[in-house]
Amino acid sequence: MAEVIVIVEARADAEIATKLAERVLVEAIDWLEADQVEYLLQWRGLEQNTDYSCWKDISDITQRCQASGLRIPRTRGHSSSGPLRADGPTTRKILNLIRVLQKTQPEIKALLLIRDLDNQPDRRHSLEQARQEEAQRLPSLQIILGTADHKREAWVLNGFLAETKSEKQILAELKDKLGFDPCQEAPRLRSTASQADRTRDSKAVLDRLTQKNYPRERQCWEETDLDYLRLWGQKTGLRNYLLEIEQFLSKIPDLNP
């Protein structure tokens, strides 16, 4: 069984990223059925017996691994193209650790790096830079990037399809107030907003549409047609993520017997 390490900001990000990945794999691989994925792939964190790891915990995880006896190379602060910026140092720290883990855990075949951009485009650039520079050192690892613009709520909104009369009415009211469709044009929302005016805040809009009902949120990425997600996710990073899953994750040997 292939193991895929998942790096996210919170549990909800892991749920979205892994479920979407499973759906894309089932679509891309002719013989693969949805109920077979769990026997072929295991989503995990950097530490065993965890489902994912968080960006904010990487330093602590590294220290615990070193305390257990793992010899992890020091992370260089520069690359061939200059100083590491944004998430560059942390990403390199993750890759250094994975390189060591693969010596005793060769079943680690891929890495998902899921990150909110939060109006910081350098985050995406730093992830791409680290992937490009470390690819030769980790030839057996597929590195997949998922960057939400601005936040993960944008991806959920991309998949929201009003079903009930109440939902259709709420969506119509939001369109009228905003002057655009928040699901089809999610990047026009803000990632943060003052408490006094949260009209354009992506989280506030999502909460209004789903009535803070998490199972209703899950429908947006579990049930909405992938082609629809690709269409409305062109500017939120969702389409790029789905393409990366198809391009990189579907190519691991365990899925190509």
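Positions within a chain are numbered from 1, following the residues in the order the chain's sequence is written. pLDDT decides what is reported in this predicted model: residues at 70 or higher carry local features, side-chain atom pairs at 80 or more are listed and counted, and totals for whole chains, interfaces and linings draw on all residues regardless. Side-chain descriptors were evaluated using all non-hydrogen atoms of the structure, hydrogens and water having been removed beforehand.

Undergrad: Honestly, the packing of aromatic side chains in this entry has me stumped. Any pointers?
TA: In this description, a pair of aromatic rings is defined by centroid distance and the angle of the planes. In summary, the pairing rule links any two rings of Phe, Tyr or Trp, Trp by its six-membered ring, whose centres are within 6.5 Å, and it sorts them by plane angle into stacked for under 30 degrees, edge-to-face for over 60 and tilted for everything else. Applying the stated criterion across every chain, the model contains three aromatic pairs. Plain terms: the ring middles of Tyr 228 and Trp 232 are 5.9 Å apart, the flat faces sit at 70° to each other, and that makes the pair edge-to-face. Taken together, the positions of Tyr 228 and Trp 232, both in helix α10 (residues 226–232) and four residues apart, correspond to about one turn of that helix. To sit over a ring, a charge needs its Lys NZ or Arg CZ within 6 Å of the ring centre and within 35 degrees of the ring normal. Lying across the ring of Trp 55, Arg 115 places its NZ or CZ 4.9 Å from the centre. Secondary structure is summarised from DSSP: a helix means a run of H or I of at least four residues, a strand means a run of E of at least two, and numbering begins at the N terminus for each.

Undergrad: What's the story with the nonpolar core in this structure? I'm lost.
TA: For soluble globular proteins, nonpolar side chains are generally found buried alongside one another. By convention a nonpolar core is built from buried Ala, Val, Leu, Ile, Met, Phe, Trp, Tyr and Cys residues, the set being connected through side-chain atoms within 4.5 Å. Exposure classes here rest on a 1.4 Å probe applied to the protein chains alone. A residue is buried below 20% of its type maximum, exposed above 50%, and partly exposed in between. Counting 49 residues, the largest nonpolar core has Leu 20, Leu 41, Leu 112, Leu 209, Tyr 241, Ile 245 and Leu 249 as its most contacted members. The element that contributes the greatest number of residues to this core is helix α1 (residues 11–28), accounting for seven residues. Not counting the four nearest positions on each side in its chain, Leu 249 is found in contact with Val 4, Ala 21, Leu 25, Leu 41, Trp 43, Ala 110, Ile 144, Glu 244 and Leu 255. Counting 22 residues, the second largest nonpolar core, distinct from the first, contains Ile 98, Ile 108, Leu 141 and Leu 145. Only heavy atoms enter the contact rule, under which two residues are in contact if any of them lie within 4.5 Å.

Undergrad: So what exactly am I meant to see when it comes to the packing of α1 against helix α11 (residues 238–247) here?
TA: To get an axis, fit a line to the C-alpha atoms, keeping to the stretch in contact for a helix; angles then go from 0 to 180 degrees between the N-to-C directions. At their nearest, the axes of α1 and α11 sit 9 Å apart, and the two run at 55° to each other. Regarding the angle of α1 to α11, the classification is oblique. Regarding α1 and α11, the two cross each other, and that crossing is right-handed. Here Ala 17, Thr 18, Leu 20, Ala 21, Val 24, Leu 25 and Ala 28 of α1 come into contact with α11, specifically with Leu 238, Tyr 241, Leu 242, Ile 245 and Glu 246. An angle counts as roughly parallel when it lies under 35 degrees, as roughly antiparallel when it exceeds 145, as roughly perpendicular when it falls between 65 and 115, and as oblique in every other case. The sense of a crossing depends on the near helix, which, turned anticlockwise from the far helix by less than a right angle, makes the crossing left-handed and, turned clockwise, makes it right-handed.

Undergrad: Looking at this structure, how should I read the environment of Lys 93?
TA: As for its placement among the helices and strands, Lys 93 is situated in helix α4 (residues 88–104). Considered as a pair, Lys 93 and Leu 231 are 138 residues apart in the sequence and their alpha carbons are 34 Å apart.

Undergrad: Hey, could you run me through α11 in this one?
TA: Because an α-helix packs 3.6 residues into every turn, residues spaced three or four apart end up facing the same way. All of the buried residues along α11 are Leu 238, Tyr 241, Leu 242, Glu 244 and Ile 245. Down the axis of α11, the buried set is contained in an arc of 160°. They therefore lie on one face. In this structure, the buried side of α11 is in contact with α1, β6 (108–116), α5 (122–134), β7 (142–148), α6 (152–158) and α10. What the arc covers is the set of directions going from the helix axis to the C-beta atoms.

Undergrad: Is there a simple way to explain unusual backbone geometry in this structure?
TA: Glycine aside, residues mostly have negative phi angles, and peptide bonds mostly take the trans form. In this chain, Asp 149 is followed by His 150 through a cis amide linkage whose omega measures 5°. Locating His 150 in the fold gives a position in the loop between β7 and α6. One non-glycine residue, Gln 211, adopts positive backbone phi at about 55°. For Gln 211, the position within the fold is in the loop between α8 (202–210) and α9 (214–222). Unlike most non-glycine residues, Lys 212 shows phi in positive territory, near 55°. Residue placement: Lys 212 occurs in the loop between α8 and α9.

Undergrad: Honestly, α1 in this entry has me stumped. Any pointers?
TA: An expected span of 1.5 Å times one less than the residue number is assigned to each helix. Taking 1.5 Å per residue, 18 residues should reach 26 Å; α1 reaches 26 Å between its end C-alpha atoms and fits that length. Among the residues of α1, Ala 12, Asp 13, Ala 14, Ile 16, Ala 17, Thr 18, Leu 20, Ala 21, Arg 23, Val 24 and Leu 25 are the ones counted as buried.

Undergrad: In this structure, what is going on with the state of the cysteines? I would like to understand it.
TA: When the sulfur atoms of two cysteines share a covalent bond, that bond is a disulfide. Throughout, disulfides are identified as pairs of cysteine sulfur atoms within 2.5 Å of each other. All chains considered together, the criterion is met by zero disulfides. The closest cysteine sulfur to the non-disulfide-bonded Cys 54 is located on Cys 65, 15 Å from its own sulfur. Judged by its relative accessible area of 11%, Cys 54 is buried.

Undergrad: Hey, could you run me through the side chain of Arg 44 in this one?
TA: Inspection of the secondary structure assignment puts Arg 44 in strand β2 (residues 41–44). Engagement of the side chain of Arg 44 in a polar contact is seen with the backbone oxygen of Leu 46, the distance being 2.9 Å. Dropping the residues within four chain positions of it, Arg 44 is found in contact with Glu 3, Val 4, Ile 5, Val 6, Thr 50, Asp 51, Tyr 52, Gln 105 and Ile 108. The definition of a polar contact used here is a pair of N or O atoms within 3.5 Å, where within protein one atom must be able to donate a hydrogen and the other to accept one, and adjacent residues in sequence count solely through side-chain atom pairs.

Undergrad: Would you mind going over the packing of helix α3 (residues 58–67) against α4 with me for this structure?
TA: Where α3 contacts α4, the two axes come as close as 10 Å, and the packing angle between them is 30°. Accordingly, the angle class assigned to the pair α3 and α4 is roughly parallel. The hand of the α3/α4 crossing is left-handed. Residues Ile 58, Ser 59, Ile 61, Thr 62 and Cys 65 of α3 pack against Thr 90, Lys 93, Ile 94 and Leu 97 of α4.

Geometric descriptors of this kind do not, in isolation, establish any biological role.
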